[in-house]
Amino acid sequence: RAGAADAAASLEASGVTVIRLGQRDFLVPGFIDCHVHASQWAYMGTGIDRPLMADDGFLAKYAFPAESALNAQTAGEVYRAAIDDMLRNGTTTALVWGSARLDASEEYVKAVVERGGPRSLIGKVSMDRHCPEGYVETTAQSLADTEAFVLRTKAANDALGLPAGSPPLVAPAITPRFLPTCTAELLRGLGALAEKHDCFVQSHLSESCDELAFSSSLFPGFRSDAAAFAAFGLLRRPSLMAHCVHLQPGEAELLLQHGCAMAHCPTSNFFFAKEALPVRQMLQLGVKVGLGTDVAGGYSPAMLVSLRHAVLASKTLQFRRAKGCVFQCGVGAAGALSPQRECPVPSGQPSKRARATAARTEGFGVDFDPAADEATLRDRHNLSHTDGLHLATQAGADALGFGGSLGSFDAGKRFDAVVWAAEGPNVRCYRGGVAEEPSDLLHKLLTNGDDRNIKAVYIGGRRVV
């Protein structure tokens, strides 16, 4: 500590501003939200009591109307609120969903540039069927607007003149909503755009049983949803699929083969998926997994809430399940999809690489063993709150392809950081208490902390909160 004090004094003597942390302050890397719908901010906290895809469900009653109401005149207010909420809760990087409106999605880019954060991979949503009249796109218009959004977003980031090698402040993401709302022609075109412009790709995968049943009926020629995305060129490095809780055998391995990461969205999974992602198994397999709030399917923009729910979700996977009881709707569950879905590519013959990938993934799947004993289930699934902190920081950076520049305080990385204060009224500390070690205070913040405990937020060394 004496050495640190001397170094600080030397820096101050040379004119450098030195910020000293308090006795109960913590400096942690900025949070990285790997799945968030900024276009749904206006109804955050509602709609989660409904099924995802019913006629009066979450999408039909809330998501589609809220998104379609956004335009160049109305979107700015919503997006500025979303940005302020994310930053106030310590989110410094986010993989963001806009709407299917080009002009509205561009308003998010403008708002981030004006505010200086959070760093955002942002997608204009693409969908050309099974959407409300007036919001559904034509295939040609969706592709044209997507390419325009890609080019304009890249130009907006280039105009900032960031240092060479710096992660972007804004970058485009190719964003097919999910298989039920996209035709094969649209998916094929989006895959071509991702390749042409070297873009990140994001979508939803295996989120709920009703979604899986619908996509299976629309794409019967594919063994799984992941196989369909792969065939259209939408599983690539870098890409990320949200949810992934009802995977067919071989899907996780297929994502791994293509370098596609997962966003774990535990809050919304409780409401819509009715199952939890086996995060530890995915990580052991080698799949990169980040954490997402999934607003507005998730009801809070705070990554701390998602972190806590990730821990709770890992506990549910340790519940003893009766023999023959399978909660997920993958292979083996009641009403499961057929494991025999074929997997042709959309046009032409499969490449040697595609055939080799199919052969490697045949017969593999995540092991849900209802007869496993308590110790086995704990070792297989348990996440601690510090594991959750890793998911919310470094793991998220890895999932988005920014692991070399964000997610920790390793030398050479950008200074995206949050200053936390372990103080009341929600974090209690008592002189002579039995839980006053730094590790105890950190755990109190992870379990009880919120935006009241965030004293400052930095992006690229610049204070934004």
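Residues numbered from 1 in each chain as written. Predicted model: local features only at pLDDT ≥ 70, side-chain atom pairs only at ≥ 80, totals over all residues. Heavy atoms only, no water.

**Q** Now, about the overall build of the protein chain: what can you tell me, with residues and values included?
**A** The helix and strand inventory of the protein chain stands at 17 helices and 13 strands. Going through the 465 residues of the protein chain one by one, you find that 56% of them count as buried. Of the contacts made within the protein chain by residues no fewer than 6 positions apart, 77% connect residues no fewer than 24 positions apart. Element-wise, carbon and sulfur atoms account for 53% of the exposed surface of the protein chain, whose accessible area totals about 19,200 Å². (Helix = DSSP H or I, 4+ residues; strand = E, 2+ residues; numbered from the N terminus. Buried < 20%, exposed > 50% of the residue type's maximum accessible area, 1.4 Å probe, protein only. Contact = heavy atoms within 4.5 Å. Areas by Shrake-Rupley, 256 points an atom, 1.4 Å probe, with all protein chains shown as cover.)

**Q** Talk me through the state of the cysteines; I want residue IDs and the actual numbers.
**A** If you walk through the whole model with that rule in mind, you get 0 disulfides. Free cysteine: Cys 265, not disulfide-bonded; nearest cysteine sulfur from Cys 34 at 8.6 Å. Given the relative accessible area of 0%, Cys 265 is considered buried. (Disulfide = S-S within 2.5 Å.)

**Q** An account of the packing of aromatic side chains is requested, with residue identities and associated values reported.
**A** This structure, assessed with the given rule, holds 12 aromatic pairs. An aromatic cluster of three or more residues is present, and its members are Tyr 43, Phe 58, Tyr 62 and Phe 272. (Phe/Tyr/Trp six-rings, centres within 6.5 Å; stacked < 30°, edge-to-face > 60°.)

**Q** Before we move on, can you summarise the packing of helix α4 (residues 102–115) against helix α5 (residues 139–158) with the specific residues and values?
**A** Between two packed helices, both the angle of their axes relative to each other and the distance between the axes serve to describe the pair. For the pair α4 and α5, the least separation of the axes is 11 Å and the interaxial angle reads 15°. When the axis of α4 is compared with that of α5, the two are roughly parallel. Judged by the sense of rotation from one axis to the other, the crossing of α4 with α5 is right-handed. Only Asp 145, Ala 148, Phe 149, Arg 152, Thr 153 and Ala 156 of α5 make contact with α4, whose side of the interface consists of Leu 102, Ser 105, Glu 106 and Val 109. Counted by class, the contact of α4 with α5 contains 5 nonpolar, 2 polar and 3 charged residues. (Axes fitted to C-alpha atoms, helices over the stretch in contact; angles between N-to-C directions. Parallel < 35°, antiparallel > 145°, perpendicular 65-115°, else oblique. Left-handed = near helix turned anticlockwise from the far one by under 90°. Nonpolar A, V, L, I, M, F, W, Y, C, P; charged D, E, K, R; others polar.)

**Q** Go over the confidence of the model for the protein chain, please, and point to the residues and values.
**A** Overall, the predicted model of the protein chain reaches an average pLDDT of 89, with 88% of residues at or above 70. Across residues 330–367, where pLDDT falls below 50, the model places 67 contacts with residues more than four positions away in sequence or in other chains. (pLDDT = per-residue confidence, 0-100.)

**Q** Report on the sheet that holds strand β1 (residues 25–29), specifying residues and quantitative values.
**A** The sheet built from 4 strands is open, its strands ordered β1-β11-β12-β13 with antiparallel pairing. Of all strands in the sheet, those with a lone pairing partner are β1 and β13 (462–463), marking the two edges. (Pairing = 2+ DSSP bridges.)

**Q** So what's going on with unusual backbone geometry? Which residues, and what values?
**A** Cis geometry marks the peptide bond from Gly 117 to Pro 118; its omega dihedral reads -10°. Topologically, Pro 118 is positioned in the loop between α4 and β4 (119–123). Look at the link from Val 295 to Ala 296: it is a cis peptide, with omega at 10°. Relative to the helices and strands, Ala 296 resides in the loop between β10 (289–291) and α12 (303–316). Even without being glycine, His 130 reaches a positive phi, approximately 55°. Relative to the helices and strands, His 130 is located in the loop between β5 (125–126) and α5.

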